[in-house]
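# Architecture at a glance
The primary structure of each chain is shown beneath.
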Amino acid sequence: MTIIEPFGPQYARPAAQDCPDCPCCTAQLCERGRTSVTRCCGLTDPERRDIVYACPCSAATTRGTHAWRAERIRVTRYATEHPLPPEVGVMLRALADGEPADDAQALARLRVAGFAAETDWGHVVTELGYLYLATRYDHRYTTPVEVLSVDTQARSAAVIVVGWRFQTPVTVLLDQLIAHTGLCAEELPGTWLEAEANCLAEHADDVVLTRIRIAPPLPDHWAEETATLVPAPLGTVPLAPADHGQGPTQPGCAAGAPAPAPADGDTVGGDA
């Protein structure tokens, strides 16, 4: 009896499609790398990691990637919870202002944190360094957050940050919510949380949540009642400013009791 092999005597797996946006990865790898904090290099074989290590499609410097979101969380927590020593912060500000910087120890610490980089023309402030400075002297507010949906494959969640916009979803890292609430992905949709956020951010991608916790029960019809307290275009409600010792509250931006202190033992979890 003759057996006819449907794929011929030899079968070779079709070649993977190259990524159109980089020379080092396949399209499938970059698609996965964008939604992984480990980037493309963390999803490939050890012998190929050096090749894809600097892939721009999943880089922490590429807006919208999970690595980019994770870095913004890290820097925000750095600025609000574990700020640089005063002398190092002064050095960072001096670099940002274009002033000479010659404190080798402070510069080394800024490089390790990713806030400064050494070039042929001396040290310069990185994008993360400017983010640190902006966050350090900005105001963050405690706000209700509603989880709309989760995507377990992309490891992301869509949430409504009430203090920012009532009708515009914000994308956050699913693992960050799980780490801070103790809930599994299936339990999160429809859950009300409480978090600190930069409620004056211009774009949804710029909103960063920290100090996330499950919210206490909210009164019935609270959203309809509080929505009338502010002009509709702002889409915000009176919120308690997060006290990080950064000066007085901006007029008209906050009201009510101070933000609750984080619970003892609050862990970095998915923010690392």
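Everything in this summary refers to the structure shown in the same document. What you are looking at is a predicted structure, and each value in this text was computed from that prediction instead of being measured.

## A short note on the overall build of the protein
- Scanning the protein for helices and strands turns up eight helices and eight strands.
- Residues counted as buried form 42% of the 272 residues belonging to the protein.
- Sequence separation of at least 24 residues holds for 56% of the intrachain contacts in the protein that already meet a minimum separation of 6.
- Carbon and sulfur atoms form 54% of the exposed surface of the protein, whose accessible area is close to 15,500 Å².

## A word on the packing of aromatic side chains
- Evaluation of the coordinates by the stated rule reveals three aromatic pairs.
- Relative to Tyr-132, the ring of Tyr-78 lies with its centre 6.2 Å away and its plane at 90 degrees, an arrangement referred to as edge-to-face. Residue Tyr-78 is found in helix 3 (residues 66-81), and its partner Tyr-132 is found in helix 6 (residues 127-136); the two are separated by 54 residues along the sequence.
- With a relative accessible area of 3%, Tyr-132 lands in the buried category.
- Between Phe-115 and Tyr-132 the ring centres are 5.0 Å apart and the planes differ by 35 degrees, which places this aromatic pair in the tilted class. One end of the pair, Phe-115, is in the loop between helix 5 (104-113) and strand 1 (116-119); the other, Tyr-132, is in helix 6, with 17 residues separating them in the sequence.
- Taken together, Tyr-78, Phe-115 and Tyr-132 form an aromatic cluster joined through their ring pairs.
- We note Arg-39 situated over the ring of Tyr-53; from NZ or CZ to the ring centre the distance is 4.9 Å.
- A cation over an aromatic ring shows up here: Arg-165 above the ring of Trp-164, its NZ or CZ 4.5 Å from the ring centre.

Rules behind the numbers
- Residues numbered from 1 in each chain as written.
- Predicted model: local features only at pLDDT ≥ 70, side-chain atom pairs only at ≥ 80, totals over all residues.
- Heavy atoms only, no water.
- Helix = DSSP H or I, 4+ residues; strand = E, 2+ residues; numbered from the N terminus.
- Buried < 20%, exposed > 50% of the residue type's maximum accessible area, 1.4 Å probe, protein only.
- Contact = heavy atoms within 4.5 Å.
- Areas by Shrake-Rupley, 256 points an atom, 1.4 Å probe, with all protein chains shown as cover.
- Phe/Tyr/Trp six-rings, centres within 6.5 Å; stacked < 30°, edge-to-face > 60°.
- Lys NZ or Arg CZ within 6 Å of the ring centre and 35° of its normal.

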